[in-house]
Amino acid sequence: MPVPDDLLGAVVRGATPIGLAAIGELVVERSGVINIGLEGAISVGAVVATVAAAAAGPAAGLLAGAGAGLALSLVFGLFVTRLRAQQVIAGTAISMLGLGIAATMHRSLLAGTDDVHVPTLPSFPVPGFDRLPLIGSAFFDQPVPTYVLYLIVPLVAGMLYRTVAGVALRAVGESPLAARGAGRDPQRIQIAAITFGGMLAGLAGATLVVAQAGVFADGISAGRGFIAIAVVALGGWTVRGVVAGSLLFGAVSATQYLVQSYGSGVPYNLLLAMPYVVTLVALAALRGAQAAPAALGRAIEGPP
Amino acid sequence: MTSGLPRVRGTAAAVFFASIALVAVCIWAAGYDASRAGSAAWNAAFGSPFAFFSGTLKRATPLLTLGIAISVAFRAGVLNIGADGQFLAGAAASVAVALTFSSWPRMVLLPMELLVGACAGAAWAGGAAVLKRRYAVGEVVSTLLLNFVATNLIGYLVRGPLQEPSHSYPQTPQIAPAGRLPILLPGQRLHWGFVIAVAVAIGAWWFFQRTAAGFRMRVVGASPSVAYSAGLIDVGAVQARALIASGAIAGLAGCCEVAGVTYGLYEGLSPGYGYTAIAVALLGGLGAGGVVVSALLFGALAAGADGMQRDAGIPPEFASIAAAMMILGMLIASTVQRARGAAPAPIRSDAGS
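J.: I keep staring at the overall build of chain A and nothing clicks. Help me out?
T.: Check the secondary structure of chain A and you find 12 helices and two strands. What you see for chain A is a C-alpha radius of gyration of 19 Å, in line with the 19 Å of a compact globule of 304 residues. Dimensions of chain A along its principal axes, counting C-alpha atoms only, are 60 × 45 × 40 Å. In chain A, which comprises 304 residues, the share counted as buried stands at 55%. A sequence separation of at least 24 residues applies to 77% of the contacts in chain A between residues at least 6 apart.

J.: Looking at this structure, I do not really get the overall build of chain B. What am I missing?
T.: A tally of regular secondary structure across chain B gives 13 helices and zero strands. The secondary structure elements of chain B, listed N-terminal to C-terminal, are α-α-α-α-α-α-α-α-α-α-α-α-α. Over its C-alpha trace chain B gives a radius of gyration of 20 Å, about what one expects of a compact globule, namely 20 Å for 353 residues. Viewed in the frame of its principal axes, chain B has a C-alpha envelope of about 60 × 50 × 35 Å. Per-residue burial over chain B gives 58% buried out of 353 residues. Considering only intrachain contacts with a sequence separation of at least 6, the fraction spanning at least 24 residues in chain B is 78%.

J.: Got a minute to help me understand helix H9 (residues 186-213) of chain A in this structure?
T.: Think of an α-helix as turning once every 3.6 residues; residues three or four places apart then point the same way. Residue and element names in this part refer to chain A. Taking 1.5 Å of rise per residue, 28 residues should cover 40 Å, and H9 covers 39 Å from first to last C-alpha, within 8% of that figure. Where H9 bends most, at Ala206, the angle is about 35 degrees. Judged by how many residues are buried, H9 sits mostly within the fold: 22 of 28 residues are covered. Just beyond H9, the residue with positive phi is Gly214, at close to 80 degrees.

J.: Please clarify how the packing of helix H10 (residues 224-234) of chain A against helix H11 (residues 239-261) of chain A should be interpreted in this entry.
T.: Helix-helix packing: each pair is described by the crossing angle between the helix axes and the interaxial distance. Residues and elements named next belong to chain A. It is at 8 Å that the axes of H10 and H11 come closest, and there the two elements cross at 130 degrees. Put simply, H10 runs oblique to H11. You can see that H10 and H11 cross each other, and the crossing is right-handed. Seen from H10, the contacting residues are Ile227, Val231, Val232 and Leu234; seen from H11, they are Gly241, Val242, Gly245, Ser246 and Phe249.

J.: Quick question: what am I supposed to make of the interface of chain B and chain A here?
T.: Interfaces are often described in size by the accessible area the parts lose on coming together. Contacts between chain B and chain A engage 41 residues on the former and 43 residues on the latter. Listing elements by their share of the side of chain B that touches chain A, those giving two or more residues are helix H5 (106-135), helix H6 (139-157), helix H11 (273-283) and helix H13 (317-339) of chain B. Partitioned by chemical class, the residues of the side of chain B that touches chain A number 27 nonpolar, 10 polar and four charged.

J.: How should I be thinking about the packing of helix H4 (residues 83-100) of chain B against H6(B) in this particular structure?
T.: All names here are of chain B. Put simply, H4 and H6 touch, their axes get as near as 7 Å, and they point 30 degrees apart. With respect to H6, the element H4 is oriented roughly parallel. Considering how the two elements wind past one another, H4 and H6 form a crossing that is left-handed. Where H4 approaches H6, its residues Asp84, Gly85, Leu88, Ala89 and Ala92 are matched on the opposing element by Thr143, Leu146, Asn147, Val149, Ala150, Thr151, Leu153, Ile154 and Leu157. For the contact of H4 with H6, the per-class residue count stands at nine nonpolar, four polar and one charged.

J.: Even after reading the chapter, I still don't get the environment of Tyr147(A), so can you show me in this structure?
T.: Looking at the element boundaries, Tyr147(A) is found in helix H6 (residues 144-162). Along the primary structure Tyr147(A) and Thr16(A) are separated by 131 residues, whereas in three dimensions their C-alpha atoms are 9.2 Å apart.

J.: Looking at this structure, I do not really get the confidence of the model for chain B. What am I missing?
T.: Any region with low pLDDT has predicted coordinates that should not be read closely. Residues and elements named next belong to chain B. Here chain B shows a mean pLDDT of 87. Residues at 70 or above account for 93%. Contacts from residues 342-353, a stretch scored under 50 in pLDDT, to residues over four places away or in other chains number 42 contacts. This complex was scored by the predictor with a pTM of 0.88 and an ipTM of 0.87.

J.: Quick question: what am I supposed to make of unusual backbone geometry here?
T.: Of all residues except glycine, most have a negative phi; of all peptide bonds, most are trans. Not every positive phi belongs to a glycine, and Ala222(A) is a case in point at roughly 45 degrees. Structurally, Ala222(A) is set in the loop between H9 and H10.

J.: Please explain the environment of Tyr257(A) as it appears in this structure.
T.: All names here are of chain A. Looking at the secondary structure, you find Tyr257 in helix H11. Here Tyr257 falls in the partly exposed class, since 16 other C-beta atoms lie within 10 Å of it. Taking the C-alpha atoms as reference points, Tyr257 and Thr50, 207 residues apart in sequence, are found 24 Å from one another.

J.: What am I meant to see in the confidence of the model for chain A here?
T.: The share of residues in chain A with pLDDT of 70 or more is 95%, and the mean pLDDT across the chain is 86. The element-level mean pLDDT for chain A is lowest in helix H5 (residues 136-140) of chain A, coming to 74, with helix H3 (residues 58-81) of chain A highest at 93.

J.: I tried to follow the environment of Val164(A) on my own but got confused; where do I start?
T.: With respect to the element layout, Val164(A) can be found in helix H7 (residues 164-174). Val164(A) sits 60 residues away from Arg224(A) along the chain, and the two C-alpha atoms are 31 Å apart.

What counts and what doesn't
Residues numbered from 1 in each chain as written. Chains lettered and ligands numbered in written order. Predicted model: local features only at pLDDT ≥ 70, side-chain atom pairs only at ≥ 80, totals over all residues. Helix = DSSP H or I, 4+ residues; strand = E, 2+ residues; numbered from the N terminus. Rg over C-alpha atoms; globule rule 2.2 N^0.38 Å. Buried ≥ 20, exposed ≤ 12 C-beta atoms within 10 Å, placed from the backbone. Contact = placed C-beta atoms within 7 Å. Expected span 1.5 Å × (residues − 1). Bend = angle between axes of the 7 residues up to and from the residue. Axes fitted to C-alpha atoms, helices over the stretch in contact; angles between N-to-C directions. Parallel < 35°, antiparallel > 145°, perpendicular 65-115°, else oblique. Left-handed = near helix turned anticlockwise from the far one by under 90°. Nonpolar A, V, L, I, M, F, W, Y, C, P; charged D, E, K, R; others polar. pLDDT = per-residue confidence, 0-100.

Below, the structure is given as structure tokens:
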């Protein structure tokens, strides 16, 4: 079977929003917090990006989407740190809230009978790199958010492993009490991580609209927030693993389009279920949560 | 525990009405006619016997059963976020049975639908239980992902093997009258699923208050380490059983919805019932009686949201925003109670996950 030229490009396109959300969630989880509300942040990011892009262009859309994801996650952050709320339940509520806000804004601001189509960001070939054999056009002829991801991955890796702040953040994820004993403020570190992760989730949502679909649709995030959380576990809570997991998801979604366009007779809805099934199977194969941060999901004990 | 209940009830009521008020302000701020919306909601929920029985109580039925399903899991410290998928699995299996054996008499067909629906829900949750026990995959992620698998599976069924004969609409044919739950009151749309839901609630109360297995589940939910140290309880097995039981109840809810209300399967059968049910369960304090009351309130909210959409053009998603605010409100309230040492254990921050 001939592989279409753009297959690898489709992998990168599929991996970009997941990668953005997952690398953000990686930072959050390394600080000991699991943010199920990611799905809501992606949805709110997508809808706000649509509104902003319709008014002021795609770049404004990206910024506004990131800001919206940050704002919603800040609410989550205050609940799980200041109130020490159960993280999964607070996250579920934030997801519901985000999805509800996105659907309401979609109905009241964007949709009449026609959906609002916004200008999308063009692909931007990186001079020199886009001519690399095999991977050049796939990896280096993409819209800007993909390059943002390329920048953020090494920055996050460097921050986590090579800076004092990164060590402190990982210490909070393993033992908040020890981190506090060493003079760090676990709650502040977690809030910072959560807002960073929320910003990237909002950017991921904005990417779906402003760099890919060009239009907001209900359910546009389609569980990507939950898949991103699974990708973090799949990647063993490492930057490298998260990148690999995001590419795996990109490959699955590219395969989905490929199989569909070849008219293989596999029912469309079963193809749609594929990313979720592959994620579950991969999690099972890698034995789930083996290297999870020790304090993941637990509120910090003792007086604040 | 008992002495804390009136305060929990008062808190829950305060959270419920504060959230409604907050959403009303949002509706007003979004430029809708709030007073018209309010009267539309009231009329649709309580305005007439038809509104109450065919709106509020009918809408409360799946939320009550699902709220009990969530409570069973949460009380054992299992975070089942996948009631939606288990609901859909139960609904799909029941419709498949009803369509396949449509000529069978009601006395055989209906019980079989209910049984198969519950088993399908249990199997769907069982997948997550196996993933947790054998493959160390947390139930939060697995149940969430299985929701999306179920949604797409329904999409496949209603376009493929179970599609109606003309193949023009993505839905199944209507199930035969023998496969439908009878109407409870003449002239209304309330069906026997409501009785089943109340029976499930009573059963859950009896199970948790009167049986050893129920006590074990509560101990595990209250403190897995105490349960483990006590030495008599296999924490993992108890939690797996709770998850599967929770799935069975959710599957039963799905069966009652298709056999009592829709008489068929289509995409969007569940507008996020499984997530709303988390709010129902938390607001009800995870107890059977509390969940009955909170399901009735949420039924009124859902019926009211229907009415607001119909008569005042207000997006129905405001209802799910309200549900989300209620969960957050209960988390705030439980923080306050924890400070006084009276928070219900299963939603304490160190339980579960």
